[in-house]
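Coordinate analysis (summary)
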Amino acid sequence: MSENIASAPAAGRSSSTRFLYDPKVRSIVFQLLFIGLLFFLVSTIVTNTTNNLEQRGITTGFDFLSQEAGFGILQSLVEYDETHTFGKTFIVGLLNTILVSVLGIVLSTVVGFLVGVGRLSRNWLISRLCGVYIEIFRNIPVLLQILFWYIAVLRVLPSPRQSLSLGESVFLNLRGLYFPAPIFEEGSGVIFAALGVAVALIIGLSYWAKRRQVMTGQTFPVFNASLALIVLLPAVAWFVAGQPVSLEMPELKGFNFRGGITVIPELIALLLGLSFYTAAYIAENVRAGIDAINKGQQEASGALGLSESKTMRLVIIPQAMRVVIPPLSTNYMNLIKNSSLATAIGYPELVNVFMGTTLNQTGQAIEIIAMTMAVYLTMNIIVSLFMNWFNNRMALVER
Amino acid sequence: MKKALKLTGAALALTALSGLSQASTLDTVKERGYLSCGVSTGLPGFSSPDDKGNWSGLDVDVCRAMAAATLGDASKVKYTPLTAKERFTALQSGEIDVLPRNTTWTLTRDTSLGMNFVGVNYYDGQGFMVSKKLGVTSAKELDGATVCIQAGTTTELNMADYFREHNMKYQPIVFDTSAQSVQGFESGRCDMLTSDQSQLYGLRTKLANPNDAIVLPEIISKEPLGPVVRQGDDQWFNIAKWSLYAMVAAEELGVSSANVDAMMKSENPGISRLLGNSGPGGKAMGISDDFAYQIVKQVGNYSESFERNVGKDSPLLIQRGLNALWKDGGIMYVPPFR
Ligand SMILES: N[C@@H](CCC(=O)N[C@@H](CS)C(=O)NCC(=O)O)C(=O)O
C-alpha cells in the first residue's frame, strides 16, 4: 500500500527524470564520473611526465635494473658483489629493510609489553621506572635516538685490536659484534630432523593437554615439557650423529675480524633506536588496554582463586589485547617507515642503497622513487592485513 | 627522512612542472636578480661556508664568475648546499641553475641524466687517506679494510673496480655527507677515507689532528671535475662554458684582477678581444660584451682563484700539476676568444 502512495505523485513525470533521481543510479553515475576523472588525471600526469623527461633528455624505463651495479654494499642477506645488477641492489636493500623491521617489531613488542605491564605494577619503583622510560623515549625524536646509539654509544667502543671479548669467542668493538658461526657438516640433517620431531611433538602435546584440561580439569606443564623437548631432542641427535656441527670463530686478521657472524653497528644502532622508541608507544597502548578492563574482572578472578600472574595471563591480557591490537599495527607501520632513517647512519637498507646510490648512479629518480614507495606501501598493507586477521581472531574470544 | 622528502619533492616537481613552456634560464636569472648555484655541503677549497655563511672555493668562483657575466655582480648568487645524492635531481628539477660541485664528468651523467658538462675546472683523481698509525704506505696493502665513502659518487664505483682488480676485499660504509665520513674515519669506524684526492687534502684540514693522517700516493681514477647545466638551453650552456674559459684565457694572457683596468687600454689584440673591446664579445649569448672583464675584475683569473682556494695561499697547498696551463706543462687549455 505504502509503495503505491509513494509512487503516485511521480507518475506524472517522464521516466527519464525519475531515473536520474533514483539514488542508486545517481551514486553509480557519480562514482563512474569520479573514476573517469581520476583516470584522466593520472594518465595526463603520466604522459606529461614521460614527454617532459624525454624532452629534457632524461632516460626513462626500467632497463637499468638489468645493468651492472658496480658498487659494493656493506651488508647483504643474499649473495651480492659489485658485478651484480641494479635490480639486485633493490633486493639487497629490501631484505635489509625487512631484516631491521622484523627484528624491530619483535624487540619493540617484547620491551613494550614488559614496560606497559610494569607501568601498572604495584611495586612503586618498577612502575616509576617504566613511567620514566616511556616519557624519555617517547619524547625524543627517533632520529636523535638513532644517532645517539650510533655516535654516543657504539662509536666509543674500543678498536678491533682492543675488542671486548667474552670467552674469546664473542667480540665487541666499534666495528660491530662478532660471534661464532655454526658450520653444518655432513650428518647434521639428523639434528634438523630431531628439531622437526620436537616441534611436532610439542604441537601434539599442547592439543592433548588442552583436551585433558577441558575433560578433567587437570593441567599439564606444557611450557616446561616443550622446552625440554626442543633442547634435548636435537642435543641427543647431535651426540648420536657424531657432533657434526662445529663453530667458526671470529679471528682478528689484518684490519678486522674475519669469520663468524658479524652484526654491524649500523644495524645495532638502528634497531635499538627504532625499538626503544616504538616500545614506549606500545607500552602506553598496553597500559591503556589493561586499564580498559573492568576492575570487576580482576576481583572475580581473584575470587575464583587465580593467582595474580594467572589473572594477568589468562583473564586480563586476552581481553586487553582487543584494545591493544589496533593501535599496535599503527606502531608497527611507523617502525617500518622510520627504518628509512637508516640513511643518516649508513645502514644499507632500501632508501640508503636503492634510493641513494642506485638512484644517483642511474639518475632514474621517478622509477626508483616509485618502486621504493610501492615497497613501503606493500609492506604496510601486509602488516595491516595480518593485524586485522589477528584482531578478528582475538575478537572471537569476546563474550 | 627530510632528505628523502626533498628528493621525492624534486622528483615530483619533475612531474608537476610538466606542460609549462620553459623560459630561458638567462631570462629567469635576470628577472630573479640572482644566480642559484648548487654546491657541496662543505668541502674546504672547493665550496665551503665561513662562520658568517659566506661561501668560497674554486667551485664557488665558477658561480661568481657566471653571476658577474650575467648580472654584472659576482655577489648575486644564492648557494644551495647539496649532498652528492641530491645534486642531479636538484639540477634536473630546476631548483638550481648551475651545479659546480666537484662533480666528475662521466658518460652516463652527460648523456642520460638530461644535463651537460660545461668543461673542467679541476683535473682530479681518486686517492686514499689512512691513519698514520696503521703503518700502511700503499693502497695495495689495504685488503680487508673498512672504507668510508660518500653515497652516489663515482668514488663508490672506482673503489669497487680497484679492489676487484687487485683481488682485495673491502667493506664500504656509505654516508651522505663528507662530514659524516670524516667523523667515521676519526672515530675509527673505518680504516680509510677515499675520495677525489684534492678533496682528501681538504678534508684532512678538517681533522682534529691533520698530521695523524696521510694521503697515499696511488691515484686510481680520472676525475675531471666541472660545472654542469641542464640540457636543452644552449644559450645558458654557452654562457657557463665561456665564463669558465674566460678565467683560464685571462691567466694565459696575463690579465689578473690587479691589472685588468690597465689592460683595458692594452694594444694586444688577444687581450682586447677577451675584454670585449673588439671582437665578438658576449652579444651572441645575450650578455654584455665586457663579461670577461667583469669576471676577471670581480673574481680573478684561474690562477688567482686556484692559489687563493686550493693552492699556495690556502691551507691545502695543492700544486698546479695537471691543472697548470698547457704551456706550463699542465692540460688546462681553452678555445680562442675570437
Ligand atoms: N667527484 C665525485 C665525488 C664527489 C663528492 O661528492 N665528493 C665528496 C668528497 S668526500 C664531497 O664533495 N662531499 C661534500 C659534501 O658532502 O657535500 C663525483 O662526482 O661523484
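Because the structure is a prediction, the values reported are computed rather than measured.

**Details of empty space enclosed by the protein**
Residue and element names in this part refer to chain B. Taken as a whole and judged by the stated rule, the model has eight cavities of 30 Å³ or more. In this structure, the largest cavity encloses a volume near 230 Å³. Taken together, 24 residues form the lining of the largest cavity, with Asn102, Gln150, Thr153, Ser195 and Gln199 sitting closest to its centre. Listing elements by their share of the lining of the largest cavity, those giving two or more residues are strand S8 (145–150), helix H6 (154–165), helix H7 (178–187), strand S10 (192–196) and helix H8 (197–204).

**A few points about the sheet that holds strand S1 (residues 164–166) of chain A**
Sheets are built from strands paired through backbone hydrogen bonds, the pairs being either parallel or antiparallel. All names here are of chain A. Reading across from one edge, S1-S2-S3-S8 is the order of the four strands in this open sheet, with antiparallel pairing throughout. Edge positions in the sheet fall to S1 and strand S8 (261–263), since each of these pairs with one other strand and no more. Sheet twist, expressed as the average angle between the axes of neighbouring strands with direction ignored, equals 15°. Where S1 and strand S2 (residues 170–173) come together, three bridges link them in antiparallel fashion. Paired with Leu166 across the strands is Val170, a residue of S2.

**Here's the deal with the state of the cysteines**
All names here are of chain B. Tallied over the full model, the rule gives two disulfides over all chains. Between the sulfur atoms of Cys148 and its disulfide partner Cys190 the distance amounts to 1.8 Å. Here the disulfide of Cys148 and Cys190 is left-handed, its torsion about the S-S bond being about -95°. Of this pair, Cys148 sits in strand S8 while Cys190 sits in the loop between H7 and S10, and the two are 42 residues apart along the sequence. Here the disulfide map of chain B reads 1-2, 3-4, the bonded cysteines being numbered as they appear in the sequence.

**Observations regarding the interface of chain A and chain B**
Each partner contributes residues to the interface: chain A has 48 residues there, and chain B has 55 residues. Summed over both partners, the interface of chain A with chain B comes to about 4,200 Å²; 50% of that surface belongs to carbon and sulfur atoms. Considering only the side of chain A, the residues that lose the most area to chain B are Arg56, Phe255 and Asn360 of chain A, jointly responsible for 19% of the buried surface there. The tally of links between chain A and chain B comes to four salt bridges.

**A short note on the UniProt feature "domain: ABC transmembrane type-1" (unreviewed entry) in chain A**
Under the UniProt annotation, "domain: ABC transmembrane type-1" (unreviewed entry) lies at residues 94–387 of chain A. Helix makes up 70% of residues 94–387 of chain A and strand 10%, with an end-to-end C-alpha separation of 21 Å.

**As for the packing of aromatic side chains**
All names here are of chain B. Per the counting criterion, the structure on display carries 28 aromatic pairs over all chains. When the ring of Trp105 is compared with that of Phe117, the centres are 5.6 Å apart and the planes differ by 10°; the resulting orientation is stacked. Here Phe117 lies in strand S5 (residues 115–117) and Trp105 lies in the loop between helix H4 (87–92) and helix H5 (107–112), a separation of twelve residues in the sequence. Judged by relative accessible area, Phe117 falls into the buried class, the value being 3%. Centre to centre, the rings of Phe128 and Phe163 are 6.5 Å apart; their planes meet at 75°, and the pair counts as edge-to-face.

**Notes on the nonpolar core**
For soluble globular proteins, the rule of thumb is that nonpolar side chains tend to be buried together. Core analysis: the biggest nonpolar cluster contains 145 residues, and Tyr133 of chain A together with Val255 and Phe291 of chain B have the highest contact counts within it. By residue number, the principal contributor to this core is helix H9 (residues 265–291) of chain A, which donates 13 residues. Beyond its immediate stretch of four places on either side in the chain, Tyr133 of chain A contacts Val111, Val115, Phe276, Ala279 and Ala280 of chain A. Counting 18 residues, the second largest nonpolar core, distinct from the first, contains Val136, Met159, Ala160 and Met168 of chain B.

Rules used throughout
Numbers given to residues run from 1 along each chain, matching the order in which its sequence is written. Whichever chain is written first is A, and whichever ligand is written first is 1; the rest continue in order. Residue-level local features of this predicted model are given only where pLDDT is at least 70; pairs of side-chain atoms are given and counted only at 80 or more, and the full residue set underlies all totals for whole chains, interfaces and linings. Excluded from the side-chain calculations are hydrogens and water; all other atoms, namely the structure's heavy atoms, are used. Grid points spaced at 1 Å over the protein atoms alone were grouped into cavities, where a 1.4 Å probe fits but cannot get out, and pockets, open sets with protein on both sides within 12 Å along at least five of seven lines, with lining residues defined by an atom within 4 Å of a point. Grid points are joined across faces, edges and corners, and a volume is the space filled by probe spheres set on the points. Starting at the N terminus, helices and strands are each numbered in turn, a helix being any DSSP run of H or I of at least four residues and a strand any DSSP run of E of at least two. Between any two strands, pairing holds if DSSP finds at least two bridges. Every angle, taken between N-to-C directions, lies between 0 and 180 degrees, and every axis is a line fitted to C-alpha atoms, over only the stretch in contact when it is a helix. By disulfide we mean two sulfur atoms from cysteines, separated by a distance within 2.5 Å. In this description, contact between two residues means that some pair of their heavy atoms is separated by no more than 4.5 Å. Summed over both partners, buried area is the accessible surface (1.4 Å probe) that two parts give up on being assembled. Here a salt bridge means any side-chain nitrogen of Lys or Arg lying within 4 Å of a carboxyl oxygen belonging to Asp or Glu. UniProt positions are given in the numbering used here, feature names are shortened, and annotations may be inferred rather than shown by experiment. Pairs were defined over the aromatic rings of Phe, Tyr and Trp, the Trp ring being its six-membered one, requiring ring centres within 6.5 Å. Orientation was assigned from the angle between planes: stacked under 30 degrees, edge-to-face over 60, tilted for the rest. Relative accessibility thresholds used throughout: buried, under 20% of the residue-type maximum; exposed, over 50%; partly exposed, between the two (1.4 Å probe, protein chains only). What is meant by a nonpolar core is a set of buried Ala, Val, Leu, Ile, Met, Phe, Trp, Tyr and Cys residues, joined one to another through side-chain atoms within 4.5 Å.

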